[in-house]
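Architecture and fold: a report
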Amino acid sequence: MARIDPVEVQKRFDRLSSILGDMATHADAQAAERCPYRDRHDLCTAKFKCRNQKPVAKTEDLLCSHDGQFDYRSAWETDPNAVERARAKLKKTRDARSTSEEQDDG
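What counts as what
- Residues numbered from 1 in each chain as written.
- Predicted model: local features only at pLDDT ≥ 70, side-chain atom pairs only at ≥ 80, totals over all residues.
- Heavy atoms only, no water.
- Phe/Tyr/Trp six-rings, centres within 6.5 Å; stacked < 30°, edge-to-face > 60°.
- Helix = DSSP H or I, 4+ residues; strand = E, 2+ residues; numbered from the N terminus.
- Buried < 20%, exposed > 50% of the residue type's maximum accessible area, 1.4 Å probe, protein only.
- 1 Å grid on protein atoms, 1.4 Å probe; cavity = no way out; pocket = protein on both sides within 12 Å on 5 of 7 lines; lining within 4 Å.
- Points joined across faces, edges and corners; volume = space filled by probe spheres on them.
- Nonpolar A, V, L, I, M, F, W, Y, C, P; charged D, E, K, R; others polar.
- Polar contact = N/O pair within 3.5 Å; in protein donor to acceptor, adjacent residues only side chain to side chain.
- Contact = heavy atoms within 4.5 Å.
- Salt bridge = Lys/Arg side-chain N within 4 Å of Asp/Glu carboxyl O.

Some details on the packing of aromatic side chains
Summed over the entire model, instances satisfying the criterion amount to 1 aromatic pair. Centre to centre, the rings of Tyr37 and Phe48 are 5.1 Å apart; their planes meet at 90 degrees, and the pair counts as edge-to-face. One end of the pair, Tyr37, is in the loop between α1 (6-31) and β1 (53-55); the other, Phe48, is in the loop between α1 and β1, and 11 residues separate them in sequence. Here Tyr37 falls in the partly exposed class, since its relative accessible area comes to 27%. Here Phe48 falls in the partly exposed class, since its relative accessible area comes to 43%.

Listed below in structure tokens is the structure:
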């Protein structure tokens, strides 16, 4: 049976954490610019009324007229301290990866 190398396991774990951290960072930035209920055709998929909904001619669809200036992220934050801890952990992971990549290049 092959032995598990803890150093290699940690490298893979760090890489996976980095990928997931990048995804979370991207989603966090996108949430500040785009309504989460707006689909790729700029139609509203929300099941509730919103002041940004505009009717589309001859259909029951609603157009999302959100201008991209409203930050929706706080709508789901029930524990601001937990959010700050998560953001700090993501930053720490990104910083560690950057340092590791600089050492590998050097």
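Back to the write-up after that little detour.
Regarding the layout of surface pockets
In this model, the largest pocket occupies a volume close to 520 Å³. Every residue lining the largest pocket is counted, 16 residues in all, and those nearest its centre are Asp14, Arg15, Ser18, Thr93 and Arg97. Of all the elements in the fold, those that place two or more residues in the lining of the largest pocket are α1 and α2 (80-105). Within the lining of the largest pocket, the residues separate by chemical class into 3 nonpolar, 5 polar and 8 charged.

Some remarks on the side chain of Arg38
Tracing the backbone shows Arg38 in the loop between α1 and β1. A distance of 2.9 Å separates the side chain of Arg38 from the side chain of Asp42, its partner in a polar contact. Sequence-distant contacts of Arg38, that is, excluding residues within four places in its chain, are made with Leu43, Cys64 and His66.

A closer look at the environment of Asp42
Structurally, Asp42 is set in the loop between α1 and β1. Residue class for Asp42 comes out partly exposed when judged on its relative accessible area of 29%. As a C-alpha pair, Asp42 and Ser65 span 23 residues in sequence and 7.8 Å in three-dimensional space. If sequence neighbours within four positions are ignored, Asp42 has contacts with Arg34, Leu63 and Cys64.

Re the pattern of salt bridges
As enumerated under the stated definition, the model contains 6 salt bridges in all. Lys11 is the salt-bridge partner of Glu8, the closest N and O atoms lying 3.4 Å from each other. Of this pair, Glu8 and Lys11 both sit in helix α1, separated by 3 residues, roughly a single helical turn. When its relative accessible area of 29% is taken as the criterion, Glu8 is described as partly exposed. Among the ionic pairs, Arg97 bridges to Asp22, the shortest N-O distance being 2.7 Å. With Arg97 in helix α2 and Asp22 in helix α1, this pair connects stretches of sequence that are 75 residues apart. Given the relative accessible area of 25%, Arg97 is considered partly exposed.

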